[in-house]
Amino acid sequence: MNAKQAAAHKAVQYIKDGMIVGLGTGSTAYWAIQYLGERVKQGMQITAVATSDQTERLALQCGIKISDMDAVDHIDIDIDGADEIDHRLNLIKGGGGALLREKIVAAGSKTFIVIADESKMVKILGQFPLPVEIIPFGWQHTSRRLALLGCQTAMRQKEAGPFKTDNGNYILDCRFGSISDPAVLQQQINSIPGVVENGLFVKMASAVVVGYSDGTVKEFS
Ligand code: 5RP
């Protein structure tokens, strides 16, 4: 079992029969969905909500039925990956472009468990370019306003053109280098017209399960 598998395997043990479960997006969440699928095949009854179209397709392949977010009034547990995690359990997310739905699902969850390999743990957030989801209309204006906050922005690309999120928006990857106050920065970013949401998840994680290359895990909360 590699580091991502070990973290995912441990986190899935927190899922109990009858729970409403948020399913994250990315290569670590992939393993959580696989392990949960095995338990569902063994008879576990759960309701699941997906944070992306990609995760929905994967979950269905694993035999996990997906409910609409609005068909549930809360989520018991959400399991998702992260791109960076600091010692206060603040996160950068959105490397896979699913940050908006990921944040809505995490915010609606009683327990939000982050799974990651050890490479994601950092002293200070910001080496990983912060993904910001923006409306296509006037995106260059939005980009210039974001740059005034002290970052270099880059339009995320896919094949011939801009990457489009599941919500039909663009992503600007914003290179800050280091983010000294994530709580302030997330408010500054979200107050710019054209910004839909940013990938800073501040004080949202209930626990982080970190996997190591020898297959062991450590939990932080
Ligand atoms: C997707 C995300 C992912 O959780 C994040 O990018 C981590 O992905 P991985 O587990 O593949 O490293 O935020 O939008």
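Residues numbered from 1 in each chain as written. Predicted model: local features only at pLDDT ≥ 70, side-chain atom pairs only at ≥ 80, totals over all residues. Heavy atoms only, no water.

I'd love a proper account of the overall build of the chain, names of residues and values included.
Tallying secondary structure elements over the chain gives 6 helices and 15 strands in all. Since a compact globule built from 221 residues should have a radius of gyration of about 17 Å, the 17 Å found for the chain is in line with a globular shape. Along the three orthogonal principal directions, the C-alpha set of the chain runs to about 50 × 35 × 35 Å. Residues counted as buried form 51% of the 221 residues belonging to the chain. The contacts in the chain between residues at least 6 apart in sequence include a share of 75% that link residues at least 24 apart. When the accessible area of the chain is evaluated, it comes to approximately 10500 Å², of which 49% is carbon and sulfur surface. One way to put it: in the chain the 22 positive side-chain charges average out to a point 3 Å from where the 24 negative ones average out. (Helix = DSSP H or I, 4+ residues; strand = E, 2+ residues; numbered from the N terminus. Rg over C-alpha atoms; globule rule 2.2 N^0.38 Å. Buried < 20%, exposed > 50% of the residue type's maximum accessible area, 1.4 Å probe, protein only. Contact = heavy atoms within 4.5 Å. Areas by Shrake-Rupley, 256 points an atom, 1.4 Å probe, with all protein chains shown as cover. Lys, Arg positive; Asp, Glu negative; His and termini not counted. Charge placed at Lys NZ, Arg CZ, Asp CG, Glu CD.)

Provide a residue-level description of the domain arrangement of the chain, including the pertinent values.
Under the domain assignment, the chain is made up of domain 1 (3-120 + 202-220) and domain 2 (130-198). Between domain 1 and domain 2, the C-alpha centre-to-centre distance is 24 Å. The interface of domain 1 with domain 2 comprises 14 residues on the first partner and 16 residues on the second. Together, the buried faces of domain 1 and domain 2 total about 1200 Å²; carbon and sulfur atoms form 58% of this surface. Sorting the residues of domain 1 by area buried against domain 2 places Leu99, Leu100 and Lys103 first, and these three jointly supply 41% of that buried surface. (Domains from an automatic or database assignment. Buried area = accessible area lost by both parts, 1.4 Å probe.)

Give a description of the packing of aromatic side chains that names residues and reports values.
Counting across every chain of the model gives 4 aromatic pairs. Relative to Tyr170, the ring of Trp139 has its centre 6.4 Å away and its plane inclined at 85 degrees; by these criteria the two rings are edge-to-face. Placement of Trp139 in helix H5 (residues 139-147) and of Tyr170 in strand S11 (residues 170-175) is noted, with a sequence separation of 31 residues between them. Put simply, the rings of Tyr30, Trp31 and Tyr35 pair up and form one aromatic cluster. It is Lys93 that lies over the ring of Phe201; its NZ or CZ is 5.7 Å from the centre. For Arg156, the ring lying beneath its charged end belongs to Phe163, and the centroid distance is 5.5 Å. (Phe/Tyr/Trp six-rings, centres within 6.5 Å; stacked < 30°, edge-to-face > 60°. Lys NZ or Arg CZ within 6 Å of the ring centre and 35° of its normal.)

Account for the packing of helix H2 (residues 27-41) against helix H3 (residues 53-61), naming residues and giving values.
Contact geometry for H2 and H3: axes closest at 9 Å, N-to-C directions at 25 degrees. Taken together, H2 and H3 sit at an angle that is classed as roughly parallel. Two packed elements cross with a definite hand, and for H2 against H3 that hand is right-handed. Taking contact as the criterion, the partners of Tyr30, Ile33 and Gln34 in H2 are, on H3, Thr55, Leu58 and Ala59. When grouped by side-chain class, the residues that make up the contact of H2 with H3 number 4 nonpolar, 2 polar and no charged. (Axes fitted to C-alpha atoms, helices over the stretch in contact; angles between N-to-C directions. Parallel < 35°, antiparallel > 145°, perpendicular 65-115°, else oblique. Left-handed = near helix turned anticlockwise from the far one by under 90°. Nonpolar A, V, L, I, M, F, W, Y, C, P; charged D, E, K, R; others polar.)

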